[in-house]
Amino acid sequence: MQRQYYRTIFLSDFHLGSRLAKADELLSFIAAHDADTWYLVGDIFDLKRLRRRYYWPRSHARVIRALRQKARDGARLVYLPGNHDPELHARLGVRRYLPGIEVVPHTVHETAQGRKLLVIHGDQQEPHLPRASAKYVAGCTAYILGVGASELVGRGRQTVGLGYWSLSAALKDRLLPHVGLIARYRANLLQAARAHGCDGVVCGHIHHAGAEVVDGLLYVNCGDWVDSCTAVVEDPSGELSLIRWAGVPDTAPAPRRTFRPEPLPAW
C-alpha cells in the first residue's frame, strides 16, 4: 500500500482503553500516512475509564506500537495531554515508555507558510458548566445515545461491506455550530492563541471536527476517533485540510479507498 505523505498530521481524542475507541479505523489511517511531525492532541489514553474498569484489547496496543514505529522511523511525535490523560501533565519531556514521543502541555507549530498555530487539547479553555446542572446531564446523555446509535448504524454498514460512517458526527455537524457553549469554547481558544502571538489554534476535546476563521484567526478542531474518525493535515506547501477517514479495509478495491482532504478556510 502506498502511503500518503504530509508535512504534519494532527490527531486527537483516541480514548484508548475505552470500548468506544475506533482502534481499527485509526490503525488503518496510521498505516496509510507518513508525516514529518505527528501531534497527538490529547485524550490519547482514557486513563479515567481505565482506572474504573481495565480494558486493553490488542488493537489498542497496536495503535501505540504503530505510533512508536513512526518515531523509530524518524518522525517527530508530540503528545499534548488532555483531561482524560491528566497524569501525563506531571510527566513532561520524552518518556521511557513512549520512546521518541515528546510530552508537552501545549506548543506552537509553524506551518510551511510561516503561520503560527497554538496546539493544545483545549479542556482548560472549556466554559465552566456545573456537572450537576440539567444542561450538563442532558448533554452527556444525548452524546452517549448518539454514539450508541452510531454504533448500530456502523455495524449495519459493515455487514454490507461499506466503510465507517458516524450518525453522531453528522448530527453534531448540523447542531453544534449553533450551541452557545461551543462558541464560547472557540472564543476562549482564540484568545489563548492571540495571547501566545499565534495566527490560530489547533485543538480537540469536544469531539467535533471543523474549522472557522474569526477576526483573522483560524480555529481548527481535529475531531476524534470515538465516532468522527477525523484528522487535520498540513501538506508540504503549508495548506491545511480535514480528512474524514472511512476506515475501509486494505483489501478494498482502490476506488473505495480514495479519501479527498477537505481544504480548511483561508486566513
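Residues numbered from 1 in each chain as written. Predicted model: local features only at pLDDT ≥ 70, side-chain atom pairs only at ≥ 80, totals over all residues. Heavy atoms only, no water.

The name given to the protein chain in an unreviewed UniProt entry is UDP-2,3-diacylglucosamine hydrolase, with the source organism recorded as Rhodovibrio salinarum.

J.: So what exactly am I meant to see when it comes to the sheet that holds strand E8 (residues 200-203) here?
T.: Hydrogen bonds between backbone groups are what pair the strands of a sheet, and the pairing can be parallel or antiparallel. Pairing is mixed across the open sheet formed by 5 strands, whose spatial order is E6-E7-E8-E10-E9. Among the strands making up the open sheet, the edge pair consists of strand E6 (107-110) and strand E9 (210-214). For this sheet, the mean inter-axis angle between neighbouring strands, taken without regard to orientation, is 20°. Two strands pair when backbone bridges link them, and strand E7 (residues 116-119) and E8 are joined in this way by 3 bridges, in the parallel orientation. Counterpart to Leu 118 in the pairing with E8 is Val 201. (Pairing = 2+ DSSP bridges. Helix = DSSP H or I, 4+ residues; strand = E, 2+ residues; numbered from the N terminus. Axes fitted to C-alpha atoms, helices over the stretch in contact; angles between N-to-C directions.)

J.: Please explain the pattern of salt bridges as it appears in this structure.
T.: Pairs can form between side chains of opposite charge once their charged atoms are near each other. Per the counting criterion, the structure on display carries 7 salt bridges. A salt bridge links Arg 3 to Asp 34, with the shortest nitrogen-to-oxygen separation between them at 3.4 Å. With Arg 3 in the segment before strand E1 (4-11) and Asp 34 in strand E2 (residues 33-40), this pair connects stretches of sequence that are 31 residues apart. The exposure class assigned to Asp 34 is partly exposed, which follows from its relative accessible area of 25%. A salt bridge links Asp 34 to Lys 70; the nearest nitrogen and oxygen atoms lie 2.8 Å apart. A residue pair is termed long-range when its members are at least 10 positions apart, and Asp 34 in strand E2 and Lys 70 in helix H3 (residues 58-72) qualify at 36 residues. Each of Arg 3, Asp 34 and Lys 70 takes part in one network of salt bridges that share partners. (Salt bridge = Lys/Arg side-chain N within 4 Å of Asp/Glu carboxyl O. Buried < 20%, exposed > 50% of the residue type's maximum accessible area, 1.4 Å probe, protein only.)

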